[in-house]
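Coordinates in review
Listed below, chain by chain, are the residues.
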Amino acid sequence: MVIHSPYAVHARLDGRLWFLEIPALEGATQARTVGEIEGMAVDYIAAVTDAAVADVRVTVEFVLPPTVQLHLSRARELRSAEAQARTAAATESRMAARELRDAGLTLRDVGTVLGVSHQRAQQLVAG
């Protein structure tokens, strides 16, 4: 049994089908669904190379339309901004809790004022 390095498969949506390009073989095939991509590519490669299906490995790279890539890029940017905003909000909550505690409020009162449990108020003050 000889298992070769994985073949790169470039999957590009072409209407309702996935066009599967295998650059190493200068060949292509197609699949109807994402779930069929790997199997169709493996079958094609095995047929072209006379390899056993079990010996063929593939790595699939999705080649997405530029508009989809833009949406995904924007989503990553927004997730990053969200993470930064959450970190900043947590810092501000800790500062508010500490300031209220330093003003003499009990942890239960700090929690009530901030709209959290007194256990959470304790975590904010200690954090």
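To start, this report covers the structure provided alongside it. Worth saying up front: this structure is predicted, and the values here are computed from it rather than measured. (Residues numbered from 1 in each chain as written. Predicted model: local features only at pLDDT ≥ 70, side-chain atom pairs only at ≥ 80, totals over all residues. Heavy atoms only, no water.)

1. Here's the deal with unusual backbone geometry
We note that Glu26 has phi near 50 degrees; this positive angle belongs to a residue other than glycine. Taking the relative accessible area as the measure of exposure, Glu26 reaches 78% and is therefore exposed. Unlike most non-glycine residues, Asp50 shows phi in positive territory, near 60 degrees. By the element assignment, Asp50 lies in the loop between helix 1 (34–49) and strand 4 (58–63). (Buried < 20%, exposed > 50% of the residue type's maximum accessible area, 1.4 Å probe, protein only. Helix = DSSP H or I, 4+ residues; strand = E, 2+ residues; numbered from the N terminus.)

2. Some words on the packing of aromatic side chains
Counting across every chain of the model gives 1 aromatic pair. Judged by centre distance (5.4 Å) and plane angle (75 degrees), the rings of Trp18 and Phe62 are edge-to-face. Of this pair, Trp18 sits in strand 2 (residues 17–22) while Phe62 sits in strand 4; the two residues are 44 residues apart in sequence, bridging distant segments of the chain. (Phe/Tyr/Trp six-rings, centres within 6.5 Å; stacked < 30°, edge-to-face > 60°.)

3. A word on the pairing of strand 2
Only one face of strand 2 is buried: it carries Trp18, Leu20 and Ile22, and the other face, with Leu17, Phe19 and Glu21, is open. Taken together, the 5 bridges between strand 1 (residues 7–14) and strand 2 define a ladder with antiparallel strand orientation. Residue Asp14 lies in a different strand from strand 2, and its bridge partner there is Leu17. Following strand 1, the chain reverses through 2 residues before pairing antiparallel with strand 2; Gly15 in that reversal takes a positive phi of roughly 70 degrees. Bridge count between strand 2 and strand 3 (residues 27–31): 5 bridges; the pairing is antiparallel. Its bridge partner lying in strand 3, Phe19 is registered against Gln30. Taking the residues between adjacent antiparallel strands as the criterion, strand 2 and strand 3 are bridged by 4 residues, where Glu26 takes a positive phi near 50 degrees. (Pairing = 2+ DSSP bridges.)

4. Some words on helix 2 (residues 66–102)
Under the 1.5 Å per step criterion, the end-to-end length of helix 2 is 54 Å for 37 residues, consistent within 8% with the ideal 54 Å. One or two residues past the end of helix 2 sits Gly104, with phi positive at roughly 105 degrees. (Expected span 1.5 Å × (residues − 1).)

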